[in-house]
Amino acid sequence: MNIDDLRNRIENEISVLKTFEDLKRIKATILGRKGVFSEYLDALKLLDKDQKRVFGKEINILKVSTEARLNEIEATLIEAERARQEDLTWVDITMPGKVPAPGKRHPITQTFEEIIRVFSSLGFAVAEGPDIELDYYNFEALNIPKHHPARDMQDTFYIKPGIVLRTHTSPVQIRVMEAQLPPVKIISPGSVYRCDHDVSHTPMFHQVEGLMVDKHVRFSDLKGILSVFIQEIFGANTRLRFRPSYFPFTEPSAEVDIGCVICEGAGCRVCKDTGWLEILGSGMVHPQVLRNVGYDPEEVSGFAFGMGVERIAMLRFGIDDIRQFYYNDIRFLSQF
Ligand code: DAH
């Protein structure tokens with residue numbers, strides 16, 4: 001009987017032991033009922049009494065030390081597995097937290113709300129009209145007959161003859177006046193459409209129309225209301241000027257400029273070195289428009305105005321490309 005042989009076999013088995021699976025298998029092949037030790041203990045039976053005692057003792061010592069070694073290895077494997085699990089589930093509490101990113105209202109929506117807030121405080125109600133509009137409301141009733149050169153001012157999307165995507169919010173004036181008698185005091189926010197696309201134009205954009213009709217409404221009322229509005233939106237020190245202009249639905253007509261909010265009048269790229277920024281169109285409602293809705297221009301008068309919401313938002317927030325509003329880029333939108 002060769003105990004060194006036995007020791008070598010055990011040594012070889014243990015030398016490849018790496019995993020719990022290995023351990024299980026090796027335990028069986030060494031210590032199991034059909035394992036290496038059983039084999040030797042069976043062979044022991046064939047020896048005489050003295051040899052039995054000598055070899056029996058050696059085998060036993062080896063068995064006990066092998067069991068101890070395997071237990072030790074098992075403990076090491078358990079500890080390694082525990083450390084691995086700990087690594088997997090480890091939380092670094094010194095890491096900066098994740099800041100929740102709540103949604104925000106679009107800068108155009110914010111500007112709409114601001115404009116509505118100011119005019120509500122001046123007693124204007126909000127009225128709305130359809131985006132798909134009859135040619136009659138978009139043009140005809142506003143004193144823009146077919147083939148009138150003013151139609152070229154607005155590149156119209158036609159749905160079919162007689163029906164357009166509204167090119168401005170002015171048609172709501174007509175709808176409101178058709179539906180009620182004076183006094184009228186409304187603003188109308190909404191989307192408008194023109195076939196145009198560059199740094200300062202998108203095919204869909206937004207306007208707010210305003211209309212006030214009553215007995216004795218004068219141009220000075222228009223000036224007063226718009227002055228308050230401009231100063232609420234752009235600050236109390238904002239200068240404004242009325243510049244004679246032309247719109248078919250108003251007479252007289254004026255465009256309103258504000259002192260450049262970027263350079264404060266010194267001259268810059270945004271105001272094209274004029275120191276002024278055109279901000280809206282306005283005027284006294286044309287007598288023909290009043291007649292078109294059944295009002296008597298001898299009895300009542302009114303003013304109207306219309307402004308581009310993107311333009312106002314761009315100036316308030318210092319944005320130089322109108323298309324930014326519609327890329328839906330979170331990095332842009334989250335700034336407002
Ligand atoms: N509708 C005009 C446009 O889209 C803006 C406008 C100008 C509206 C003068 C008005 C006005 O009510 O009186 O360019």
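Just so you know, these numbers come straight off a predicted model, no measurement behind them.

A few words now on the overall build of the chain. Per the secondary structure count, the chain includes 11 helices and 10 strands. Computed over C-alpha atoms, the radius of gyration of the chain comes to 44 Å, more than 25% over the 20 Å expected from 2.2 N^0.38 for 336 residues, which places it beyond the range of a compact globule. Seen along its three principal axes, the alpha-carbon backbone of the chain occupies a region of about 140 × 50 × 35 Å. Here the chain holds 336 residues, and 41% of them are scored as buried. For the chain, the share of sequence-separated contacts (at least 6 apart) that also reach a separation of at least 24 residues comes to 67%. For the chain, the accessible area works out to roughly 19300 Å², and carbon and sulfur atoms hold 54% of it. Averaging the coordinates of the 41 positive side-chain charges in the chain and doing the same for the 48 negative ones gives two points 7 Å apart.

Here we take up the environment of Ser121. Tracing the backbone shows Ser121 in helix α5 (residues 107-121). For the pair formed by Ser121 and Glu21, sequence separation is 100 residues and the distance between their alpha carbons is 80 Å. At 2.6 Å, the side chain of Ser121 forms a polar contact with the backbone oxygen of Val118.

Let us look at the sheet that holds strand β5 (residues 184-193). Within the open sheet, the 7 strands sit side by side as β1-β5-β6-β10-β9-β8-β7. Their pairing is mixed. With one partner strand each, in any of the chains shown, β1 (125-126) and β7 (240-247) form the two edges of the open sheet. Sheet topology places β7 next to strand β8 (residues 250-259); 7 bridges connect them, and they run antiparallel. Bridging across to β8, Phe247 finds its partner in Thr250. Helix α7 (residues 171-179) rests against β5, β6 (204-214) and β10 (301-308) of the sheet, and its axis sits at about 40° to β6.

The subject of this paragraph is α5. An α-helix turns once per 3.6 residues; consequently, residues spaced three or four apart project the same way. For α5, which comprises 15 residues, the first-to-last C-alpha distance of 21 Å matches the rise-based estimate of 21 Å (1.5 Å per residue) to within 8%. Those residues of α5 not exposed but buried are Pro107, Ile108, Gln110, Thr111, Phe112, Ile115, Val118 and Phe119. On the buried face of α5, the contacting elements are β5, β6, α8 (219-234), β10, α10 (309-317) and α11 (330-333).

Moving on, we come to the site of the ligand. Close to the ligand lie 16 residues; His168, Ser170, Arg194, Gln207 and Glu209 are nearest. Separating an oxygen atom of the ligand from a side-chain N or O atom of Glu209 is a distance of 2.6 Å. With the chains in place, 91% of the 350 Å² that the ligand exposes on its own is no longer accessible. Mapped by element, the contributors of at least two residues to the shell around the ligand are β6, β9 (276-285) and β10. Per-class residue counts for the shell around the ligand are 4 nonpolar, 10 polar and 2 charged.

Looking now at the pairing of β10. Within β10, 6 of the 8 residues are buried, which leaves the element mostly enclosed by the surrounding structure. Bridge count between β6 and β10: 8 bridges; the pairing is antiparallel. Across the sheet, the residue bridging to Gln207 is Gly308, located in β10. Sheet analysis places β9 next to β10, joined by 5 bridges and oriented antiparallel. In the sheet register, Gly283 faces β10, and the bridge partner there is Ala304.

Taken domain by domain, the chain consists of domain 1 (3-89) and domain 2 (107-333). Placing the centre of domain 1 and that of domain 2 at their C-alpha centroids yields a distance of 93 Å.

Ranked by internal contacts, the top residues of the largest apolar core, which has 41 residues, are Ile115, Phe119, Phe229, Ile279, Phe303, Phe305 and Met307. Secondary structure elements with two or more residues in this core: α5, β6, α8, β8, β9, β10, α10 and α11. By residue number, the principal contributor to this core is α8, which donates 7 residues. Residues contacting Ile279, with those up to four places away along its chain left out, are Ile230, Phe234, Val256, Asp257, Ile258, Met307, Gly308, Ile312 and Leu315.

Turning our eyes to something else, we now look at the sheet that holds strand β2 (residues 132-134). Taken in spatial order, the 3 strands make up an open sheet running β2-β4-β3, and their pairing is antiparallel. The open sheet is flanked by β2 and β3 (158-160), the only strands paired with a single partner. The sheet shows a mean angle of 35° between the axes of neighbouring strands, taken without regard to direction. In this structure, β3 lies alongside strand β4 (residues 163-165), joined through 2 bridges in antiparallel fashion. If you follow Tyr158 over to β4, its bridge partner there is Val164.

This paragraph deals with the packing of α8 against α10. Axis separation between α8 and α10 bottoms out at 11 Å; the angle between their running directions is 45°. Overall, the two elements α8 and α10 adopt an arrangement that is oblique. Where α8 abuts α10, its residues Phe229, Ile233 and Phe234 lie against Ile312, Leu315 and Arg316. Along the lines of polarity and charge, the residues of the contact of α8 with α10 split into 5 nonpolar, no polar and 1 charged.

The rules behind the values
- Residues numbered from 1 in each chain as written.
- Predicted model: local features only at pLDDT ≥ 70, side-chain atom pairs only at ≥ 80, totals over all residues.
- Heavy atoms only, no water.
- Helix = DSSP H or I, 4+ residues; strand = E, 2+ residues; numbered from the N terminus.
- Rg over C-alpha atoms; globule rule 2.2 N^0.38 Å.
- Buried < 20%, exposed > 50% of the residue type's maximum accessible area, 1.4 Å probe, protein only.
- Contact = heavy atoms within 4.5 Å.
- Areas by Shrake-Rupley, 256 points an atom, 1.4 Å probe, with all protein chains shown as cover.
- Lys, Arg positive; Asp, Glu negative; His and termini not counted.
- Charge placed at Lys NZ, Arg CZ, Asp CG, Glu CD.
- Polar contact = N/O pair within 3.5 Å; in protein donor to acceptor, adjacent residues only side chain to side chain.
- Pairing = 2+ DSSP bridges.
- Axes fitted to C-alpha atoms, helices over the stretch in contact; angles between N-to-C directions.
- Expected span 1.5 Å × (residues − 1).
- Near = heavy atom within 4 Å.
- Nonpolar A, V, L, I, M, F, W, Y, C, P; charged D, E, K, R; others polar.
- Domains from an automatic or database assignment.
- Core = buried A, V, L, I, M, F, W, Y, C linked by side-chain atoms within 4.5 Å.
- Parallel < 35°, antiparallel > 145°, perpendicular 65-115°, else oblique.

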